[in-house]
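Residue-level listing of the chains:
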Amino acid sequence: MRFSGIRFLAACAYFGAICASFPGEVQAKAPSGNTLLIDIEASISQRCGIAALGANSNDSGRIDEPTRIAFRFGLDCNTPFKIGVAAQNGALQLVGTNAQNAGTAGFAYRKNYVAGLQFNTDQTGLVTAGECASSALTSANTSCRFYGSEPGSGLYSGRNTTAIGREGELTVTWQGEDSDPVRLAAGAYQEILTIIVAPST
């Protein structure tokens, strides 16, 4: 807001002699209208963030038994957004091995799982994004609707849809050893999942 002209008139009223000595081109003009327009602009910056609600790791699952693990997260986006999930391995993998030697020596080193995603929004309530096989969480060339490995990728919340102070949940489920064609090698298995959110118009 600019009030420089108003301040100048007030100063001249008090110091009339000084103002009278200024050159004509810098003296304030007498008000000639009956209205004064004041332009005020304000804005709210876009924000979109995610944070774990509780533990963001779990090592209590038995890989040879049917298991379901849920990870809750807080979601705070004041603008439409995209949310994506990406996996490091595409399976629970025996620590110290890699995909190239998985399944050798008569044992399997990888365990497939299914990931599910759901979250709440301000306008539509609970959004169930569905489930995706773990192998579909490592490449954009998949049918997984919520796969995303970088900001701006993944599932679109919808036009004019926000999630301010809302919650979501990522679930990981796998079957027991009876469903495995090859017995799993003994040891610790690990997978790293990444959830990414970012504003999207």
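Structure's up top.
The structure contained in this document is the topic of the report that follows. (Residues numbered from 1 in each chain as written. Predicted model: local features only at pLDDT ≥ 70, side-chain atom pairs only at ≥ 80, totals over all residues. Heavy atoms only, no water.)

1. Looking at the pattern of salt bridges
Pairing is possible between side chains of opposite charge, provided their charged atoms come close. According to the stated counting rule, one finds eight salt bridges in the structure shown. Where Glu-169 meets Arg-68, a salt bridge forms, and the shortest distance between an N and an O atom there is 3.7 Å. Of the two residues, Glu-169 sits in strand E9 (residues 163–174) while Arg-68 sits in strand E2 (residues 67–77), which places them 101 residues apart along the sequence. Salt-bridge contacts for Lys-111 lead to Asp-180; the nearest nitrogen and oxygen are separated by 2.9 Å. Residue Lys-111 is found in strand E5 (residues 110–111), and its partner Asp-180 is found in the loop between E9 and strand E10 (189–190); the two are separated by 69 residues along the sequence. We classify Lys-111 as buried; its relative accessible area is 2%. (Salt bridge = Lys/Arg side-chain N within 4 Å of Asp/Glu carboxyl O. Helix = DSSP H or I, 4+ residues; strand = E, 2+ residues; numbered from the N terminus. Buried < 20%, exposed > 50% of the residue type's maximum accessible area, 1.4 Å probe, protein only.)

2. Focus: the side chain of Gln-93
Within the element layout of this structure, Gln-93 appears in strand E4 (residues 92–94). A polar atom in the side chain of Gln-93 sits 2.9 Å from the backbone oxygen of Thr-97. (Polar contact = N/O pair within 3.5 Å; in protein donor to acceptor, adjacent residues only side chain to side chain.)

3. Some words on the pairing of strand E6 (residues 114–121)
In this sheet, strand E7 (residues 125–133) lies alongside E6 in antiparallel orientation, the contact comprising eight bridges. Across the sheet, the residue bridging to Asn-120 is Leu-126, located in E7. Between E6 and E7, which pair antiparallel one after the other, the connecting turn spans three residues. Across six bridges, the pairing between E6 and E9 is antiparallel. (Pairing = 2+ DSSP bridges.)

4. So, the nonpolar core
Core analysis: the biggest nonpolar cluster contains 37 residues, and Phe-81, Ile-83, Tyr-113, Leu-117, Phe-119, Leu-137 and Phe-146 have the highest contact counts within it. Residue assignment for this core shows that the elements contributing at least two residues are E2, strand E3 (81–87), E4, E6, E7 and E9. Discounting residues that sit within four places of it in the chain, Phe-119 has contacts with Leu-75, Phe-81, Ile-83, Gly-125, Leu-126, Val-127, Leu-155, Glu-167 and Gly-168. (Core = buried A, V, L, I, M, F, W, Y, C linked by side-chain atoms within 4.5 Å. Contact = heavy atoms within 4.5 Å.)

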